[in-house]
Every structure is written in structure tokens, then in C-alpha cells.
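# Close look at the chain arrangement
If you want the building blocks of each chain, they are given just below.
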Amino acid sequence: LKEGDAQLHCVFFKNSRLRSSAPNLSDGMAIAVNGRISFYERDGKLQCYVERIRILGEGVLFRRFEQLKARLKAEGLFDEERKRPLPPQPAVIGIVTSAQAAALRDMLRVLNTRYPLARVILSPTLVQGTEAPAAIAAALDLLNEQGEADVIIVGRGGGSIEELWAFNEEVVARAIARSRIPVISGVGHETDFTIADFVADSRASTPTAATTAAVPNIEDWYAAIQEKQRLLTTLIEECLYDLKGQ
């Protein structure tokens, strides 16, 4: 349970859920719970053992998300017609994320393994907190001003709705929309959706998946070349055999 800057760890056991006919819960719901507070000695945690839940309505963040989503959709920012195809063989990959993020290490690892021919330009930024939205937008604008990247990946690893919230702010959505370079959004985990996902030219479930979508697999090229080499060898052998027969 979260409210403002405070949070309380909760446990809701299956038998309690069955007794209470609890609704399906999701991030952003406003709820009231009944239960008991206890200290979980093994992990040193104070937590609430939930017995009943009552839905109060939509949470503040969820309402903000839905309102901005509806407004930007009405403007046409989510339209498929405005989404650009990704370059099939990008020479330069722009990345907008934190320089200290584990997600960046994962993305660089995938690029090095999958497509080492590409050059990477990192436009570092904060990815959470009150200053993050403006910083993300500025990092996107900087890559567009620099102009070398063929595609841009905007990403960060998973987290709570509050930790991912920077990617739900209008300033980030506008920066993605005005980018002259195609943008892939890879924020959070597979089940996480942000406003950035809807505006981007392509949405990936994770930063690693975004990197995979951005570049071809060089191993496929090697396999195709080897297959063509075998075919060419066969054709030459057949041609020489025919000439010998003449």
C-alpha cells in the first residue's frame, strides 16, 4: 500500500482472498483494507496481513495516466500512420537512459553480441524522480540535434509505478513525438505500459527487447552467407562437370 512518500508491505494469502471475494488488484487502485499488523521476524519487516479489501476507486496516478493518454490519443500522437519503420541496418544507435543503470549494461551486451558493427551514442539522463521527465526530453532532443543516430532507444529497467512515472509525463511524450529519428520505447517489464510506449514508433517489453528489435542479428548474416557459399560451390561443380563431359 502506498500513499504519498509512505508505503506499507502487505500479505494477502489465498485463503483470505477466497473468503473475502477480493477483486483483481492492479497498480493505481485506491483501496481500503482490513487486517492485522505484525512483525515478520525473518526479514525484519513490519507488514499488514490483509483479510478484506474494498475498492475505493482509481488512484491519483492512474487517473493522471488515463487523462493524458486520452488527450494525446485525441491529438493523434498514437496513430499508426505517424509511426515510422525502424532502419533495417542502423550504423549508429542512440540510447537514452541512466549511465549507471543495469539496463544500459544489458543493452550494450546485446548490441556487442548481436550487432557489433553499430556505434553507440549514449545520451545519459535521470530516469526517475521529479527532474527526470525534463532530463529525458532534453536527452532525446540532444540526440536529434547531434543527428548521427539512425534509431533511438529510450529505456530503463523495471520498477514500481512511481519509479517508472517519468515516462508517463507529457514532456517526454512530446519529445518522442517531435523526434526526427525513430524511437523505440523499452521501459520496465513486459506487463508495464507507459505513455512513452504509445507515442514511440515501436514498443518493446524491456530494454533488452528494445535493443534486440533495433538491430539485425549478425549470426543470421553469417548463416545466409554460408548458405550462398554452399550454393555457389554446387553450381560451380555442376558447371565444371558439364564442361568436362563436353
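Residues numbered from 1 in each chain as written. Predicted model: local features only at pLDDT ≥ 70, side-chain atom pairs only at ≥ 80, totals over all residues. Heavy atoms only, no water.

With respect to the helices and strands, lysine 244 occurs in helix H8 (residues 218-245). Sequence separation between lysine 244 and threonine 97 is 147 residues, and the spatial gap between their C-alpha atoms is 63 Å. (Helix = DSSP H or I, 4+ residues; strand = E, 2+ residues; numbered from the N terminus.)

Adjacent strands of a sheet pair through backbone hydrogen bonds, lying either parallel or antiparallel. The strand order across the open sheet built from five strands is S7-S6-S8-S9-S10, with neighbouring strands paired in parallel fashion. The outermost strands of the open sheet, each flanked by one partner alone, are strand S7 (119-122) and strand S10 (202-204). With direction set aside, neighbouring strand axes in the sheet form an average angle of 25 degrees. In terms of strand pairing, strand S6 (residues 92-96) meets strand S8 (residues 151-156) through four bridges, oriented parallel. Counterpart to isoleucine 95 in the pairing with S8 is isoleucine 153. Strand contacts of helix H3 (residues 102-114): S6, S7 and S8, with the helix running at about 165 degrees to S6, the strand carrying the most contacts. (Pairing = 2+ DSSP bridges. Axes fitted to C-alpha atoms, helices over the stretch in contact; angles between N-to-C directions. Contact = heavy atoms within 4.5 Å.)

Here the focus is the nonpolar core. In terms of nonpolar packing, the biggest core is built from 33 residues, with Val96, Ile136, Leu140, Ile152, Val154, Phe167 and Ile176 touching the most fellow members. Breaking this core down by element, the ones donating at least two residues are helix H2 (60-75), S6, helix H4 (132-146), S8, helix H5 (170-178), strand S9 (183-187) and helix H6 (195-199). Considering every element that reaches this core, the biggest residue donor is H4, with six residues. Sequence-distant contacts of leucine 140, that is, excluding residues within four places in its chain, are made with Val96, Ile152, Val154, Ala175, Ile176 and Val183. Membership of the second largest hydrophobic core comes to 14 residues, among which are Ile93, Ile184, Ala204 and Ala210. (Core = buried A, V, L, I, M, F, W, Y, C linked by side-chain atoms within 4.5 Å. Buried < 20%, exposed > 50% of the residue type's maximum accessible area, 1.4 Å probe, protein only.)

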